Amino acid sequence: MTTNQSQALDLNKILHIIFRRKWLILFCLIDVMLPIIIYNHHAMPVYEANTTIVFEEQRGPAASINPFKISLNKSFIINQIEEIKSRSLAEEVAKALPRSVINTFIFPEDTLHGFDKDRFISRQIQESISANSIPNSEVIKIEVKAYSPIAAEIIANTIADVLKKRNLEVRREETNNVRKIIEEQLGMFKRQLDEAEITLKLFKEQSKVTAIEQEAAEVLQRITEAENIYNQAKANLDAAEKRLSYIQNKLEKERKDLVPSVTKITSPWAQKLKQQLVDLEIQYTTLKVQNYADSHPKMRNLKRQIDQTKENLKEESLKIAAGENIVDPISQIQNFMEESIALEIEMQTYQAQEKALQEVIDNYNRKLSTLPDKELRLAQLLRNKEVNEKIYMMLLEKREEAKIAEAEKVGNIRIIDPAQIPRFPVEPRKALNLIVGFILGLSIGMGLAFLITFLDSSIKTSEEVEQLTNLSVLGTIPRIRSTPKKVSPAHYKFNGGRKTNELVSRLITETNPKSPEAEAFRTLRTNLQFSAFESPLKTILITSSSPNEGKSLITANLSIATAQMGLKTLLIDADLRKPVLHLLFQKRREPGLINLITTSKALKHQLPHRIARQPGDSIYQGYQFDETDESALSMEEELDAELRRIISATHVNNLDLLTCGVIPPNPSEILASETIKRILHELRSRYDAIIVDTPPINIVTDAGILSPLVDGSVLVVKIGGGSEKDIKRAKSLLQQARGKIIGVVINFIDGKDGYSNYYRYYYYDDSDGRKVKKRKKSENTNL
């Protein structure tokens, strides 16, 4: 078999499973889709508006005090997202909303006394907000859901406005703090500058020395530059300490019993990094005092190492803080902690610079000490005045910057896209819900269908039967649909009543001989004839593996089809447990086979004169025929009379029926007697074909007892009924009984296959001679 053929077979098998389980699939589909349809119909529409904001890089005095602020953008954005979704912001937004928007909220009907309306609204707003950052940017997209499109747009824009206001207030507070720190330093250095200028003036007037030598001037210039850098570092260190104190005060409000300064929580690796940072700063400062340009390779290399060491120290400090339960990554505490750690690392840098510069200044002071006393004193006064003047001018500039920043009304939040009124609701997503529901329902249905099919061990195709039994399929019988007709009450005089009318309608070979079902029985009859062409089959036994597989109906219709060929046919009902043939042919059940076996005197004696005519029969061998034996002749006449009394002719030409008779308490023992052998032998000489209906062989042993006495046995298999195990066992029991198995008959084949497809191409006459093309569907059951 080629790959394409195999794939075609697999596809056909899948389609067959889907068709067989179509009602299960449809039920699952409806079961899933119905709640979705109800939800789509009754759910209130939800609208979503979105606005986009960007956090721009902070510049100004606050940024100069905290140079690590830029490196904290990622955590800063995370904190801002949490602030957007915070309860406090939702409360501010609720207070800023107009009354028209407040009225769009759905309040609970069973509100108790003391219901807090404002708190309920703020909670609803908080739950309706979602914020997400755009990757690799400082842009945040804010989405708001509401039952009204106008309310969604107003709430989204109000959130952006409140966020800008809060951001501006925070920035002003920080800028005000920076300005106060600068003003404190400015006053101190102003006093120092004034004192230096007055001291220098008095010294010049008293000593009459106004200049120093060139060599001393060069040393003085170097030491002045070093002291200038030293004082800047000292000023920055002081500012950082005050800023750190401010941050720690904020932390105390956010979290009580916070672990002290991170510098007190250290590790060997952190200590090593701190020492490394000090060493690098000393080298960098020494080169800078020696007039090395910042672009010099040595300066760039040292700067890169310093930045990397700061970053490593910061990461290590954060790890230590996290281990001590200091950092909370989804609150404002993390932002404060990161800034606190950055400030402390910056303080370590300034302290290292201060130490390095102090060594340089001390070195230059030793050189100046070689000058004459007056020149040395003049150099010191000039240096002190120049250093204080430069620092004072720098602080003046920063104070002006701080004032400008404090006066600004623009924070570092900018609205990129304000919210607009949404046109369509986002919930419920009716089309998506229906698509998902359809796929889910179909998947569940098909999954259950394939699972049930996988767990179902019943036979489903004739090919499976052939592979399982290794027997020929003699015929495939489609479903026979009952079409009961209105009849007179006289038809109900036998057992079964109205049920008899339904059973009779299934004798399709008689009621509708031109139907596809009747043609299937004629095909079965032909196949039985050709299955033993050299030794024609005269007696055939019909059985099945399990009850309700339709064997009795197949036996009756096969008998009618055989009789319609002109063969004298006898139908024997040997199902002594649940006989039904007398109902099909509307005959009395008694007398019948059991009566013939138990009451016939003629069959209790051997008939040698008849048997002598058939010398091949092993049962009666040894007897001599004597035409003058009057007792034997009378016994034969008695047997003929007994058979004529018990065997009844049916309404079908050439077809007689031997009913089961009285139901005995021990059917198997009666069928195992020698009498049944004599009955079958006698009947062989009277009929052209004998068909015996027996009970299921897996249930009782009757079929196994009779199978060696007939020319062949036929096993009926119901599609979708008998399991593989039952069919194998039925075949095994027939073989153990040494009966000849002719083949199997497949029952309950789908009416859309087989003969009916062929017959759909033609019109055929019904019983009234009318041309019809389609038969009316009715109850489809087989016995």
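As the structure is a prediction and not an experimental result, all values here were calculated from the model. (Residues numbered from 1 in each chain as written. Predicted model: local features only at pLDDT ≥ 70, side-chain atom pairs only at ≥ 80, totals over all residues. Heavy atoms only, no water.)

Participant: Looking at this structure, I do not really get a nonpolar patch on the surface. What am I missing?
Facilitator: On the surface, Leu432, Val436, Leu440, Ile444, Leu448, Leu451, Ile452, Phe454 and Leu455 cluster together into a nonpolar patch covering about 840 Å² of accessible area. One can find Leu455 in helix α14 (residues 430–455). (Patch = residues over 30% accessible without salt bridge, like charges linked within 9 Å, V, L, I, M, F, W, Y side chains within 5 Å. Areas by Shrake-Rupley, 256 points an atom, 1.4 Å probe, with all protein chains shown as cover. Salt bridge = Lys/Arg side-chain N within 4 Å of Asp/Glu carboxyl O. Helix = DSSP H or I, 4+ residues; strand = E, 2+ residues; numbered from the N terminus.)

Participant: Before we go on, may I ask you to explain the sheet that holds strand β9 (residues 655–658) in this structure?
Facilitator: In any sheet, the strands associate via hydrogen bonds between backbone groups, in a parallel or an antiparallel arrangement. With mixed pairing, the eight strands of this open sheet are ordered in space as β5-β12-β11-β6-β10-β7-β9-β8. Both edges of this open sheet fall to β5 (473–478) and β8 (648–649), since each of them pairs with a single strand only. The pairing of strand β11 (residues 712–718) with strand β12 (residues 741–749) spans six bridges and is classified as parallel. When the sheet's bridge partners are listed, Val716 is paired in β12 with Val745. Contacting β5, β6 (539–544), β11 and β12, helix α18 (residues 516–531) crosses the sheet at an angle of about 170° to β5. Taken strand by strand, helix α25 (residues 674–684) contacts β6, β7 (569–573), β9 and β10 (689–693), and its axis lies near 160° from that of β7. (Pairing = 2+ DSSP bridges. Contact = heavy atoms within 4.5 Å. Axes fitted to C-alpha atoms, helices over the stretch in contact; angles between N-to-C directions.)

Participant: In this structure, what is going on with helix α19 (residues 551–564)? I would like to understand it.
Facilitator: Side chains that are three or four residues apart share a direction in an α-helix, a result of its 3.6 residues per turn. The terminal C-alpha atoms of α19, which comprises 14 residues, lie 20 Å apart, in line with the 20 Å expected from a rise of 1.5 Å per residue. The element α19 is extensively covered by neighbouring structure, given that 13 of its 14 residues are classed as buried. Positive backbone phi, at 95°, marks Gly566, one or two positions downstream of α19. (Expected span 1.5 Å × (residues − 1). Buried < 20%, exposed > 50% of the residue type's maximum accessible area, 1.4 Å probe, protein only.)

Participant: When you look at the nonpolar core in this model, what are you seeing that I'm missing?
Facilitator: The nonpolar side chains of soluble globular proteins are, as a tendency, buried together. Counting 41 residues, the largest nonpolar core has Leu570, Ile572, Leu593, Leu658 and Leu683 as the members making the most contacts within it. Not counting residues up to four positions away in its chain, the partners in contact with Leu683 are Leu570, Ile572, Leu643, Ile647, Leu658 and Ile690. By size, the runner-up hydrophobic cluster in this structure holds 33 residues, among which are Phe55, Ile81, Ile121 and Ile413. (Core = buried A, V, L, I, M, F, W, Y, C linked by side-chain atoms within 4.5 Å.)

Participant: Quick question: what am I supposed to make of the side chain of Thr659 here?
Facilitator: Note on placement: Thr659 falls in the loop between β9 and α24 (667–671). Engagement of the side chain of Thr659 in a polar contact is seen with the backbone oxygen of Pro591, the distance being 3.2 Å. When sequence neighbours within four positions are dropped, the list of residues in contact with Thr659 reads Asp573, His582, Arg588, Arg589, Glu590, Pro591, Gly592 and Leu593. (Polar contact = N/O pair within 3.5 Å; in protein donor to acceptor, adjacent residues only side chain to side chain.)

Participant: How should helix α5 (residues 87–96) be read in this particular structure?
Facilitator: For α5, the set of buried residues is Leu89, Ala90, Val93 and Ala94. All buried residues of α5 fall inside an arc of 140° around its axis, so they share one side. (Arc of directions from axis to C-beta.)

Participant: Mind showing me how you'd approach the pattern of salt bridges here?
Facilitator: Two side chains with opposite charge may pair up if their charged atoms get near one another. One pass over the structure, following the stated rule, counts 14 salt bridges. One salt bridge connects Lys551 with Asp693, and the closest N-O pair in it is separated by 3.1 Å. With Lys551 in helix α19 and Asp693 in strand β10, this pair connects stretches of sequence that are 142 residues apart. Residue classification places Asp693 among the buried positions, given a relative accessible area of 0%.

Participant: Where do I start with the environment of Ile121 in this structure?
Facilitator: Locating Ile121 in the fold gives a position in helix α7 (residues 117–128). Residues Ile121 and Glu91, 30 residues apart in the sequence, show an inter-C-alpha distance of 8.2 Å. Beyond its immediate stretch of four places on either side in the chain, Ile121 contacts Ala94, Ile102, Phe105 and Phe107.

Participant: Would you mind going over unusual backbone geometry with me for this structure?
Facilitator: It is generally the case that most residues other than glycine have a negative phi and that most peptide bonds are trans. A cis amide bond links Glu427 with the next residue in sequence, Pro428, at an omega value of -10°. Put simply, Glu590 and Pro591 share a cis peptide bond, and its omega is -10°. In this fold, Pro591 is placed in the loop between α20 (581–584) and α21 (593–599). With a phi angle near 60°, Asn136 is a residue other than glycine that sits in the positive phi range. Here Asn136 is to be found in the loop between β2 (129–133) and β3 (139–146). For Asn136, a relative accessible area of 86% gives the class exposed.

Participant: I'm lost on the sheet that holds β2 in this one. Help?
Facilitator: In space, the four strands of this open sheet follow the order β2-β3-β1-β4, with antiparallel pairing throughout. Edge positions in the sheet fall to β2 and β4 (413–417), since each of these pairs with one other strand and no more. Recorded for the sheet is a direction-independent mean angle of 30° between the axes of neighbouring strands. Taken together, the eight bridges between strand β1 (residues 47–55) and β3 define a ladder with antiparallel strand orientation. From the neighbouring strand, Ile53 faces β3, where its bridge partner is Ile140. Together, β2 and β3 form the strand contacts of α7, whose direction differs from that of β2 by roughly 35°.

Participant: For this particular structure, what's the right way to read the pairing of β9?
Facilitator: Successive residues of a regular strand alternate their side chains across the two faces of the sheet. Both faces of β9 are covered, namely the face carrying Leu655 and Leu657 and the face carrying Asp656 and Leu658. Strand direction decides the pairing type here: β7 and β9, joined by four bridges, are parallel. By the bridge assignment, Leu571 is partnered in β9 with Leu657. Count of turn residues in the β8/β9 antiparallel hairpin: five residues, of which Asn654 carries a positive phi of about 70°.

Participant: What is the right way to read the packing of aromatic side chains from this model?
Facilitator: Think of a pair of aromatic rings as described by two things: how far the centres are apart, and how the planes are tilted against each other in angle. Applying the stated rule across the entire model yields one aromatic pair. On the basis of an interplanar angle of 40° and a centroid distance of 5.4 Å, the ring pair of Phe107 and Phe120 is categorised as tilted. With a gap of 13 residues between them, Phe107 in the loop between α6 (99–102) and α7 and Phe120 in helix α7 connect regions that are remote in the sequence. On the basis of relative accessible area, Phe107 is assigned to the partly exposed category, the value being 27%. Between Lys718 and the ring centre of Phe748, over which it is positioned, the NZ or CZ distance is 4.6 Å. (Phe/Tyr/Trp six-rings, centres within 6.5 Å; stacked < 30°, edge-to-face > 60°. Lys NZ or Arg CZ within 6 Å of the ring centre and 35° of its normal.)

Participant: Explain the confidence of the model for the protein to me, please; I cannot follow it from the model alone.
Facilitator: If pLDDT is low for a region, its predicted coordinates should not be looked at in detail. This prediction gives the protein a mean pLDDT of 76; 71% of its residues lie at or above 70. Segment residues 256–264: pLDDT under 50, and 15 contacts once partners within four positions in sequence are set aside and those in other chains are kept. Counting interchain partners and residues more than four positions distant, the pLDDT-below-50 stretch residues 606–629 has 33 contacts. (pLDDT = per-residue confidence, 0-100.)

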